[in-house]
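# Remarks on the overall topology
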Amino acid sequence: MAIQIERIVLREIAMPLVHFFETSFGRTTHRRIILVEVVSQGVSGWGEVTCGENPFYNEEWTDAAWMIVRNYVAPRVLNVSFENAAEVADRSAHIRGHLMARGGVEAAVWDLEARLNGVPLWEQIGGGWFKEIACGVSIGIQDSVPQLLQTIEKEVAAGYQRIKVKIKPGWDVDVVREVRRAFPSIRLMADANSAYTLADADRLRELDEFHLMMIEQPLAHDEIVDHAALQAQLETPICLDECIRTVHHAEQAIRLQACGIINIKLGRVGGFREALRIHDLAQAHSIPVWCGGMLESGVGRAHNIALSTLPNFVLPGDVSASKRYWARDIISPPVEVSPRGTISVPEASGFGYEVDRDYLRHVTAREETLT
Ligand code: OSB
Ligand code: MG
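Quick caveat: nothing in here was measured; it's all calculated off a predicted structure. (Residues numbered from 1 in each chain as written. Chains lettered and ligands numbered in written order. Predicted model: local features only at pLDDT ≥ 70, side-chain atom pairs only at ≥ 80, totals over all residues. Heavy atoms only, no water.)

## Concerning the coordination of the magnesium ion (ligand 2)
Which entries qualify depends on this criterion: Metal sites are built from N, O and S donor atoms within 2.8 Å, or 3.2 Å for Na, K and Ca, and they leave out water, so they may look incomplete. Secondary structure is summarised from DSSP: a helix means a run of H or I of at least four residues, a strand means a run of E of at least two, and numbering begins at the N terminus for each.
Taken together, Asp191 (OD), Glu216 (OE) and Asp241 (OD) make up the protein donors of the magnesium ion (ligand 2), found 2.1 to 2.3 Å from the metal. Read N to C, the donor residues that coordinate the magnesium ion (ligand 2) are spaced as D-x24-E-x24-D. Here Glu216 lies in strand S10 (residues 215-216) and Asp191 lies in strand S9 (residues 188-191), a separation of 25 residues in the sequence.

In structure tokens form, the structure reads like this:
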């Protein structure tokens, strides 16, 4: 069935996080999220632009992404006939970077295609291997180690299958040692968000003794070669996040043995088509993947659940319950996690949840309709 987008409604929503989230590049307390609603034949598909409020994780940020979608992506997508959603990414391929802005639109069209076909999004993307997905949590840098231990204890008690702690110089080896001492047998990993250089290899090697599942993105956001050099010196597998924006990057990283694991984030790679390519390539090379998060609202969270049903998503992802982030989510029902640390995959068409339009109106800071 050909798809033609008649209207795109861009919204920026403003929502406070239940608890601040701190990484090596800064602390977030309030989110400004762009939602993309694409409309065809009276049916709406939804996407989320997963960038942060500042250009610190990567170059994208809310205000720039708004302009990219409004001025560059939307005009290329509106009133064009697509055979399927997989064609959408090509329409913005002339734009350098800005993959999250482009990916927010791309993912919305996948959701729309699923709804027009009356099938769940996971089926539309060729997933469905798992009826429930395995969940981990990402725990930000805290004000003190006791506070971190308390948070971990709470999340372990809630059933989460894997704990990720954020690290940075000055909050690394000693902190992880304390965590390991308090929780000798949990599945544990650390994410540095590019805070180190190859000159820190000795320090990072000290983490080997704590039997982490992986160390995520220790070195620069664009540095695959140095990650290969570091991986050769570490026992702990490196997981790449920021470095992998395209299937070509994944190919280079695998060829150079720069990582043993890949974190796939839908927005970071520009949407489902590229995510599927990276997934398939990693699977062919026996590199496990998992689904990363970007403090998404329910819309992005629902997309991540669909993505996580692909067969090579064999490690618990950073896809967790709505209530860890939001007092009230914009989807209904909110995403919930079972005591076994799983999310059951919805069966309804599209991403499988209802957008709560009343609450959406309440949190919308700006809105623009493009035709
Ligand atoms: O590197 O995985 C990351 C959040 C914001 C920016 C970067 C990252 C994260 C997380 C995420 O770790 C988590 C989540 O959505 O639960
Ligand atoms: Mg990361």
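From this point, things continue past the structure.
## Description of the nonpolar core
The cut-off we apply is this: Take the buried Ala, Val, Leu, Ile, Met, Phe, Trp, Tyr and Cys residues and link them wherever side-chain atoms come within 4.5 Å; each set so joined is a nonpolar core. Each residue's exposure class comes from its accessible area (1.4 Å probe, protein chains only) as a fraction of the maximum for that residue type: buried when under 20%, exposed when over 50%, partly exposed otherwise. Here the bounds of each domain stem from an automatic or database domain assignment. Contact criterion: two residues are considered in contact whenever any of their non-hydrogen atoms come within 4.5 Å of each other.
Ile5, Ile152, Val165, Leu207, Ile262, Leu307 and Phe351 are the most contacted members of the largest nonpolar core, which has 126 residues in total. Broken down by element, this core gets its largest block of residues, 10 residues, from helix H3 (residues 99-117). Two domains each put at least three residues into this core: domain 1 (3-118 + 354-370) and domain 2 (124-344). Phe351 has contacts with Trp46, Asp111, Arg115, Leu121, Val299, Ala302, His303, Ile331 and Pro346, leaving out every residue within four places of it along the chain. If you look at the next biggest cluster of nonpolar residues, it comprises seven residues, including Met213, Cys239, Ile261 and Leu315.

## Details of the sheet that holds strand S8 (residues 163-166)
The test is simple: Strand pairing is assigned whenever DSSP identifies at least 2 bridges connecting the two strands.
Taking strand neighbours across the sheet as the criterion, the seven strands line up as S7-S8-S9-S10-S11-S12-S13 in an open arrangement whose pairing is parallel. The open sheet has two edge strands, strand S7 (137-139) and strand S13 (289-291), and neither has a second partner. Taken together, the two bridges between S9 and S10 define a ladder with parallel strand orientation. Residue pairing across strands places Asp191 opposite Glu216, the latter belonging to S10.

## Here's the deal with the packing of helix H9 (residues 247-255) against helix H10 (residues 272-284)
To be explicit about the condition: Geometry is summarised by axes, namely lines fitted to C-alpha atoms with helices restricted to the contacting stretch, and by angles between N-to-C directions that run from 0 to 180 degrees. Note on terminology: angles under 35 degrees are roughly parallel, angles over 145 are roughly antiparallel, angles of 65 to 115 are roughly perpendicular, and the others are oblique. Should the near helix be turned counterclockwise from the far one by less than a right angle, the crossing is left-handed, whereas a clockwise turn marks it as right-handed.
Interaxial distance between H9 and H10 falls to 9 Å at its minimum, and their mutual angle equals 20°. In this view, H9 runs roughly parallel relative to H10, as classed from their interaxial angle. Here the hand of the crossing between H9 and H10 comes out right-handed. Residues Val247, Ala250, Glu251 and Ile254 of H9 lie in contact with H10, whose contacting residues are Glu274, Arg277, Ile278, Leu281 and Ala282.

## Some details on the site of ligand 1
We apply this condition: Any residue with a heavy atom lying within 4 Å of a molecule or strand is counted as near it. N or O atoms within 3.5 Å of each other form a polar contact, as long as, within protein, one can give a hydrogen and the other can take it, and as long as residues adjacent in sequence are counted only when both atoms are side-chain atoms. Here the open area of atoms and residues is found with the Shrake-Rupley method and a 1.4 Å probe, where only the protein chains shown may cover a residue. Any residue that is not Ala, Val, Leu, Ile, Met, Phe, Trp, Tyr, Cys, Pro, Asp, Glu, Lys or Arg is counted as polar, Gly included; the first ten are nonpolar and the last four charged.
In the vicinity of ligand 1 lie 17 residues, with Ser138, Lys166, Asn193, Leu295 and Tyr325 positioned nearest. One of the side-chain N or O atoms of Asp241 is found 3.1 Å from an oxygen atom in ligand 1. Met294 places a main-chain nitrogen or oxygen 3.3 Å from an oxygen atom of ligand 1. When isolated, ligand 1 has an accessible area of 380 Å², and the protein chains bury 97% of it. Taken together, the residues of the shell around ligand 1 sort by class into six nonpolar, three polar and eight charged. There are two domains that each give the shell around ligand 1 at least three residues, and those are domain 1 (3-118 + 354-370) and domain 2 (124-344).

## Examining the sheet that holds strand S4 (residues 43-49)
Strand pairing in a sheet relies on backbone hydrogen bonds. The paired strands run either parallel or antiparallel. Taken in spatial order, the four strands make up an open sheet running S4-S3-S2-S17, and their pairing is antiparallel. At either end of the open sheet lies a strand with only one pairing partner, and these are S4 and strand S17 (364-370). Within the sheet, the average angular offset between the axes of one strand and its neighbour, ignoring direction, is 25°. When strand S2 (residues 7-23) meets strand S3 (residues 26-40), the two strands line up antiparallel, connected through 13 bridges. Paired with Arg11 across the two strands is Leu35, which belongs to S3. Lying on the sheet, helix H1 (residues 62-77) is in contact with S2, S3, S4 and S17; it crosses S2 at an angle near 160°.

## Focus: helix H5 (residues 145-158)
Residues three or four positions apart in an α-helix share a direction because the helix packs 3.6 residues into each turn. Stated precisely, the cut-off is as follows: In this analysis, the expected span of each helix is defined as 1.5 Å times one less than the number of residues it contains. The directions from the helix axis to the C-beta atoms are what the arc is built from.
Compared with an ideal rise of 1.5 Å per residue, which puts 14 residues at 20 Å, H5 spans 20 Å between its outermost C-alpha atoms and is within 8% of the ideal. All buried positions along H5 are accounted for by Leu148, Leu149, Thr151, Ile152 and Glu155. Down the axis of H5, the buried side of the element spans an arc of 160°, and every buried residue falls inside it. Turned more than 90 degrees away from the buried face of H5, the exposed residues are Pro146, Gln150, Glu153, Lys154 and Ala157. A distance of 3.2 Å separates the backbone nitrogen of Gln147 from a side-chain oxygen at the start of H5, and that oxygen is part of Ser144. Downstream of H5 by a residue or two, Gly159 has a phi angle that is positive, lying close to 110°.

## Quick notes on the packing of H1 against H3
Their axes nearest at 9 Å, the elements H1 and H3 cross at an angle of 50°. Judged by the angle between their axes, H1 and H3 are oblique. Crossing geometry of H1 relative to H3 is assigned as right-handed. Between H1, through Ala65, Ile68, Val69, Val73 and Val77, and H3, the contact on the second element is made entirely by Ala101, Arg102 and Val105. Residues that form the contact of H1 with H3 fall into these classes: seven nonpolar, no polar and one charged.

## Concerning empty space enclosed by the protein
Selection criterion: Here the term cavity refers to a set of points on a 1 Å grid, laid over the protein atoms alone, in which a 1.4 Å probe fits but cannot get out; the term pocket refers to an open set having protein on both sides within 12 Å along at least five of seven lines, with lining residues being those that place an atom within 4 Å of a point. Grid points are joined across faces, edges and corners, and a volume is the space filled by probe spheres set on the points.
Going through the model one piece at a time under the given rule, you end up with two cavities of 30 Å³ or more. Around the largest cavity, the lining comprises 13 residues; the ones closest to its centre are Glu48, Thr50, Leu266, Gly267 and Asn304. Put simply, the parts of the chain that give the lining of the largest cavity at least two residues each are H3 and helix H11 (298-307). Each of domain 1 (3-118 + 354-370) and domain 2 (124-344) gives at least three residues to the lining of the largest cavity. Leu121, Trp122, Ala302, Ile305, Ala306, Val345, Pro346, Gly350 and Phe351 are the residues that line the second largest cavity. Listed by contribution, the elements that provide at least two residues to the lining of the second largest cavity are helix H4 (121-124) and H11. Per-element accounting of the lining of the second largest cavity gives the leading share, three residues, to H11. Of the residues belonging to the lining of the second largest cavity, the class tally is eight nonpolar, one polar and no charged.

Geometric descriptors of this kind do not, in isolation, establish any biological role.
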